[in-house]
Amino acid sequence: MLDPKFIRNHLEEAAAILAKRGVTLDVEKISAVEERRKKIQTHCENLQQESKTRAKNIGAIKAKGGDIEPLLKEVGDLKQQLTQAEADLAAVQQEWESLLSSIPNFPADEVPVGKDENDNVEIRRWGTPRTFDFPIKDHVDLGADLAQLDFEVAGKITGSRFAVMKSSLARLHRALIQFMLDTHTSEHGYQEVYVPYMVNKDSLFGTGQLPKFEEDLFKLQDEREFYLIPTAEVPVTNLLRDEIVDEKVLPLKFTCHTPCFRSEAGSYGRDTRGMIRQHQFEKVELVQFVRPEDSEQALETLTSHAETILQKLGLPYRTVVLCTGDMGFSSAKTYDIEVWLPSQNKYREISSCSNFRDFQARRMKARYRSAATGKPELLHTLNGSGLAVGRTLLAIMENYQQADGSIEIPAVLRPYMGNLEVIRRA
RNA sequence: GGAGAGGUGGCCGAGUGGCCGAAGGCGCUCCCCUGCUAAGGGAGUAUACCCUAAACCGGUAUCGGGGGUUCGAAUCCCCCCCUCUCCGCCA
C-alpha cells in the first residue's frame, strides 16, 4: 500500500509516477471519495464527542443523586444520528481502503520505463553457455530416458503440471535444497525458518497477493478460508506483521524452503512441456527486513546471494532489471536472474529479487523502533528466490547432459549425493 | 473430539459497569547523585486516524476479532480465533 497522505496531498504526482507502470489512477474518483471521507469523519467524530461528554455527565449527575431523565431523552436522538454517521464512515473508509489497496507500488526512479518483458534491461552476464558436439535433449527427454522423471504418472495421480521424480534425480532435487539452504545460512548470514504452507487472508493481503490476485492461488475448501502458499514470501514476510522490532536487530535475514502452489490460471498453453511451470514446485526463498536507508543496497546483495548459487553450480545466467511495465504489483524494483537453457537456446527466469520498500510493511504494519526518533517506522522488505529448485534441477540436467544421456553432477552437490558423480539409467 | 483456564501497552501484570488509555513492575530515554563500576533519587515513555503547511494543542478510535445489551463496556451477553492444562485419538 502506498502512503495515503502522499496520495492525498500529491495526487497528480502519484498519477504521473504510476503512469510509468501503465497504470491509470482514477484521480477524480479518489479525490471525490477523499472529500466525502473528510466530511463524514469530522461529522462522525463530533457526534461521538458529544455523546461521550453526555454519558459522562449522566454518570456525574447520577452519582450526586440528581435527575437524569431529561438527559436520557436528549441522548436518544443523538444516538440515532451517531449510528447512521458511523455506518457512513465505515462505508466510505472501506471504499477508500479498497481504492488504495489496489494501487501498485511506485517504481524506483532508476527503473527503466517500458511496457513488457521486451523492455527489460540486461545488467550483467555470468558464464558461457556450453557448446555441445552431440544432439542435445531437453530435460523432459533426458528424464524419461533415465526413467527418473515422469509427467504421465503425475498426470494420472493428479493432473497436468505436476511431476514425479525418482532415484538419483529425486535425490538431486533434495540435494539442491540442502545446498541452497546451507549456503545461505553459513555463507550469507540468513536464519533458516520453517513455516506453514497454508496461510490466512490477512497474510496474503500483507504481501499483496490479495485482494487483486486471488485467481493465482489455491484456496482450501474450508470455512477457515486458508490458501496454499504461492511462495514462502507470504509466510516469511508475515513473520513481522503487526510487530514492532528494535532497530538493533536489523537487518533481519531469513531463508526458507517451501513448496509453492500456483494455479497458473491464465497461462494455458504456456510452458506446457516439462517442469518449467508447475502447480507445485519447491523454492528456497530469501527474505530481508531492513531500515529504509538500507534497502537499495540490500537488493544488490540479496540478488548477489541468489547469483552465488548459480555460480557455484556452474550454470550460466544473466541478470536483468525489470521495466516498469513488467514488475510485480508490490515491487519498487525487481531483478530477474535468468539461467541458460540449452534446449530453448535462451535464458529463462530462475529467480526474482525485489525491493518492496515500505509497500508490504504498510499493509502488514511491520515496523521498527527508530533509535533516532524513538518512534515506530515502517520497515522495508525484500525477497528473492534463491533459487527455484525445479528450474535449477532442469537447468542442471540440460547444461550437464552428456552424449550418452547421463548427467554429470556439479561438484558442489556431490557431497549431498553420496559422492555420486554421474546420474545414469539404473 | 471432551472438560477447564486464559488472551490487557515493547515485556510482565492489576483491573467485574462511569473517577480507566488503563495501577504496579521490568525495559527504554533524559536529569541528579556517585572518583570508576554497581547501587540510588527524579521526570518521561502505547498505537492508528482526524485536525494542521508542519509541530504543539485538540479530537476520535483501540484492552484477541466480530456482533449485542446500556445514557455509558477492558469489565455484562452471543459468535469466532488463538494460547495453556487435563482426558481421548493420532504422524
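Our subject is the structure listed above.
Residues numbered from 1 in each chain as written. Chains lettered and ligands numbered in written order. Predicted model: local features only at pLDDT ≥ 70, side-chain atom pairs only at ≥ 80, totals over all residues. Heavy atoms only, no water.

Peer 1: Now, about helix α4 (residues 69–101): what can you tell me, with residues and values included?
Peer 2: Helical geometry note: an α-helix holds 3.6 residues per turn, so side chains three or four residues apart project in the same direction. Taking 1.5 Å of rise per residue, 33 residues should cover 48 Å, and α4 covers 47 Å from first to last C-alpha, within 8% of that figure. Taken residue by residue, α4 has Leu71, Leu78, Leu82, Ala85, Leu89, Val92, Trp96, Leu99, Leu100 and Ser101 as its buried positions. At its buried positions, α4 is contacted by α1 (4–9), α3 (27–63), α8 (201–207) and α11 (359–364). (Helix = DSSP H or I, 4+ residues; strand = E, 2+ residues; numbered from the N terminus. Expected span 1.5 Å × (residues − 1). Buried < 20%, exposed > 50% of the residue type's maximum accessible area, 1.4 Å probe, protein only. Contact = heavy atoms within 4.5 Å.)

Peer 1: Go over the side chain of His305, please, and point to the residues and values.
Peer 2: Examined against the element boundaries, His305 turns out to sit in helix α10 (residues 295–313). Judged by relative accessible area, which is 11%, His305 ranks as buried. At 2.8 Å, the side chain of His305 forms a polar contact with the side chain of Tyr190. Once residues within four sequence positions are removed from consideration, His305 is found in contact with His184, His188, Tyr190, Lys253, Leu286 and Gln288. (Polar contact = N/O pair within 3.5 Å; in protein donor to acceptor, adjacent residues only side chain to side chain.)

Peer 1: Account for the sheet that holds strand β8 (residues 252–261), naming residues and giving values.
Peer 2: Remark on secondary structure: sheet strands pair via backbone hydrogen bonds, oriented parallel or antiparallel. What the eight strands build is an open sheet, ordered β1-β10-β11-β12-β15-β9-β8-β4; its pairing is mixed. Two strands in the sheet have a free side with no partner beyond their single neighbour: β1 (121–126) and β4 (191–192). Alignment of strand β11 (residues 333–341) against strand β12 (residues 346–357), held across nine bridges, turns out to be antiparallel. Considered in β12, the bridge of Trp340 is made with Tyr347. Packing of α10 onto the sheet brings it into contact with β1, β8, β9 (280–290), β10 (317–321), β11, β12 and β15 (380–388), and relative to β15 it is tilted by some 10 degrees. (Pairing = 2+ DSSP bridges. Axes fitted to C-alpha atoms, helices over the stretch in contact; angles between N-to-C directions.)

Peer 1: Please give an account of unusual backbone geometry that cites residues and values.
Peer 2: With omega at 5 degrees, the peptide bond leading from Leu210 into Pro211 counts as cis. Structurally, the position occupied by Pro211 is in the loop between α8 and β6 (227–228). Residue Leu387 is reached from Gly386 by a cis peptide bond, and omega for that bond is 15 degrees. Relative to the helices and strands, Leu387 resides in strand β15.

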